[in-house]
Amino acid sequence: MPVRRPNPLQWLWYAYGGGLPERHASWVLHDTTTRTWWLRHVLRAVAQIAPIVIAIIVFVPGPLWLRTMCALGGAIMGLIFSVSYLHETAEHRLVKAGYPAGTGPATRAERTADRDAAAAERYAARYRTPPDA
C-alpha cells in the first residue's frame, strides 16, 4: 500500500489525537515505526502544548519573565508526561488506524533485528573466550 501523507490540517487533527481516514493507514504505520518515531511523537506533543504556552505568555497578567517561566515549566512537565506514554500512544494510534495490537513493537523489532542479533553475537563472543591472563 502506498504511503499517503495527510495534509497539514489532517496532521494537526492527528497530532491532537484524532483519527485519519483509512487511506492514510500506511502513513500512520510509517509514522509510528520509522527510525525517528520517538522524535515525531515529541514534535506532536510540542504542537499540542504550543498554543497553551503562547496563551499563558500573552494573556496571563504579570511580568514577562514570570509568565515565560510558568509556561516553560508547564511545557516541560507536559513533555515529560507525553514521553512517559510514548509506546502506549503510538500503539493506540496504530489500533485507531486499523492495525492489530502489537503491530508497532513488532515492526520496530523487525527493523532492528539484524543489528540486535549482531550485538548479541558480539556480546556472546566476548564472554565465550577466556580473558587474557
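What counts and what doesn't
Residues numbered from 1 in each chain as written. Predicted model: local features only at pLDDT ≥ 70, side-chain atom pairs only at ≥ 80, totals over all residues. Heavy atoms only, no water. 1 Å grid on protein atoms, 1.4 Å probe; cavity = no way out; pocket = protein on both sides within 12 Å on 5 of 7 lines; lining within 4 Å. Points joined across faces, edges and corners; volume = space filled by probe spheres on them. Nonpolar A, V, L, I, M, F, W, Y, C, P; charged D, E, K, R; others polar. Helix = DSSP H or I, 4+ residues; strand = E, 2+ residues; numbered from the N terminus. Contact = heavy atoms within 4.5 Å. Axes fitted to C-alpha atoms, helices over the stretch in contact; angles between N-to-C directions. Parallel < 35°, antiparallel > 145°, perpendicular 65-115°, else oblique. Salt bridge = Lys/Arg side-chain N within 4 Å of Asp/Glu carboxyl O. Buried < 20%, exposed > 50% of the residue type's maximum accessible area, 1.4 Å probe, protein only.

Asker: Can you walk me through empty space enclosed by the protein in this structure?
Answerer: Gaps left between atoms are located by rolling a probe of water-molecule size over the structure's atoms. With the rule as written, the count across this model stands at 1 cavity of 30 Å³ or more. What the largest cavity holds in volume is close to 50 Å³. As for the largest cavity, its lining consists of Y14, G18, G19, L20, V28, R93, K96 and A97. Among the residues forming the lining of the largest cavity, the class breakdown is 4 nonpolar, 2 polar and 2 charged.

Asker: Just to check I follow, could you spell out the environment of G104 for this structure?
Answerer: Looking at the element boundaries, G104 is found in helix 6 (residues 103–128). Counting along the chain gives 21 residues from G104 to V83, while the straight-line C-alpha distance between them is 16 Å. If we ignore the near neighbours within four places in the chain, the residues touching G104 are T33, E91 and L94.

Asker: What is the right way to read the packing of helix 3 (residues 37–59) against helix 5 (residues 86–96) from this model?
Answerer: Pairs of packed helices are described in terms of their axes, by the angle between the two and the distance that separates them. Close contact between helix 3 and helix 5 brings their axes to 11 Å; oriented N to C, the two are set at 90°. As the angle between them shows, helix 3 and helix 5 are arranged roughly perpendicular. Where helix 3 approaches helix 5, its residues W37, W38, H41, R44 and Q48 are matched on the opposing element by L86, H87, T89, A90 and R93. In the contact of helix 3 with helix 5, the residues fall into 4 nonpolar, 4 polar and 2 charged.

Asker: Got a minute to help me understand the pattern of salt bridges in this structure?
Answerer: Where charged atoms of side chains with opposite charge meet at close range, the side chains can pair. Tallied over the entire structure, the rule returns 2 salt bridges. For the salt bridge of D31 with R40, the shortest nitrogen-to-oxygen distance reads 3.0 Å. A relative accessible area of 2% places D31 in the buried class. A salt bridge links D31 to R44; the nearest nitrogen and oxygen atoms lie 2.6 Å apart. In this pair, D31 sits in helix 2 (residues 25–33) while R44 sits in helix 3, placing the two residues 13 residues apart along the sequence. Taken individually, D31 and R44 each receive the classification buried, so the pair is uniform in this respect. If you follow the salt bridges from partner to partner, you end up with D31, R40 and R44 in one network.

Honestly, that's just the spatial picture; any functional story needs more than this.
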